Amino acid sequence: MTIPRTPYYVSVTHRLIQEVPNDSTEFEVLLDEEELTLLRDKIAGLHDEDEYTLKRAPVPFKSADHDEAPEQFNRQLTELYVLLYRTGSERTRKAIMDMGVLNNLSNTDYNHPGYGDGSPLNK
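Residues numbered from 1 in each chain as written. Predicted model: local features only at pLDDT ≥ 70, side-chain atom pairs only at ≥ 80, totals over all residues. Heavy atoms only, no water.

*Asks:* Tell me about the overall build of the protein, and name the residues and values.
*Replies:* Per the secondary structure count, the protein includes 4 helices and 3 strands. Here the protein holds 123 residues, and 31% of them are scored as buried. When the accessible surface of the protein is summed, it comes to about 8600 Å², and 53% of that surface belongs to carbon and sulfur atoms. (Helix = DSSP H or I, 4+ residues; strand = E, 2+ residues; numbered from the N terminus. Buried < 20%, exposed > 50% of the residue type's maximum accessible area, 1.4 Å probe, protein only. Areas by Shrake-Rupley, 256 points an atom, 1.4 Å probe, with all protein chains shown as cover.)

This is how it looks when you write it as structure tokens:
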């Protein structure tokens, strides 16, 4: 027996899950009830991590590359995009692949200029 799936339209930017597409929806997904609950939890978790990261940003003497807040936010965001990719329409999957967001979020940028030991920006 196949589990019934319902189309939903998701905006990561606006943290919305809707049953009808509109101008703000970025992705179309097909979800069963369990996946819908998981998606809602991921979006709520992303909101919580976003607030935590915002609170941590102005802390003096705390380097962002050694702070757990951005790492937690990136992990939540990656998990959300993986779920959207896994349950998404062909158009959604292509959009996520074209964004390169899964590769960008799963790899750090420590090899970029400015992060080396001899960098004058790394003091």
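*Asks:* Let's hear about the pairing of strand 3 (residues 27-31): which residues, and what values?
*Replies:* Side chains of strand 3 alternate between two faces, with Phe27, Val29 and Leu31 buried and Glu28 and Leu30 left unburied. Note: strand 1 (residues 6-11) against strand 3, 5 bridges, orientation antiparallel. Bridging from a neighbouring strand, Thr6 pairs with Leu31 of strand 3. (Pairing = 2+ DSSP bridges.)

*Asks:* Mind laying out the sheet that holds strand 3, listing which residues take part and the relevant values?
*Replies:* Sheet architecture is open: 3 strands sit in the order 2-1-3, paired in antiparallel fashion. Two strands lie at the open edges of the sheet, namely strand 2 (16-18) and strand 3, each paired on one side alone. Each strand axis lies, on average, 30° off the axis of its neighbour in the sheet, ignoring direction. (Axes fitted to C-alpha atoms, helices over the stretch in contact; angles between N-to-C directions.)

*Asks:* Would you mind going over the pairing of strand 1 in detail, with residue names and values included?
*Replies:* When strand 1 meets strand 2, the two strands line up antiparallel, connected through 3 bridges. In the sheet register, Tyr9 faces strand 2, and the bridge partner there is Gln18. Linking two consecutive strands that pair antiparallel, namely strand 1 and strand 2, is a turn of 4 residues; a positive phi of about 55° is found at Arg15 within it.

*Asks:* Break down the pattern of salt bridges for me, with residues and values.
*Replies:* Enumeration over the complete set of coordinates arrives at 4 salt bridges. Between Glu35 and Arg5 there is a salt bridge, with its nearest N and O atoms 2.3 Å apart. With Glu35 in helix 1 (residues 33-56) and Arg5 in the segment before strand 1, this pair connects stretches of sequence that are 30 residues apart. With a relative accessible area of 44%, Arg5 lands in the partly exposed category. Among the ionic pairs, Lys94 bridges to Asp98, the shortest N-O distance being 2.7 Å. Of this pair, Lys94 and Asp98 both sit in helix 3 (residues 90-99), 4 residues apart, which is roughly one turn of that helix. (Salt bridge = Lys/Arg side-chain N within 4 Å of Asp/Glu carboxyl O.)

*Asks:* Help me get a handle on the packing of aromatic side chains, residues and values and all.
*Replies:* Applying the stated rule across the entire model yields 1 aromatic pair. A centroid spacing of 6.0 Å and a plane angle of 90° characterise the contact between Phe27 and Tyr81, whose relative ring orientation is edge-to-face. Here the residue Phe27 occupies a position in strand 3, and Tyr81 occupies one in helix 2 (residues 68-87), the gap between them amounting to 54 residues. The buried category is assigned to Phe27, whose relative accessible area is 5%. On the basis of relative accessibility, which here comes to 7%, the residue Tyr81 falls in the buried class. Over the ring of Tyr85 we find Arg93, and its NZ or CZ is 5.7 Å from the ring centre. (Phe/Tyr/Trp six-rings, centres within 6.5 Å; stacked < 30°, edge-to-face > 60°. Lys NZ or Arg CZ within 6 Å of the ring centre and 35° of its normal.)

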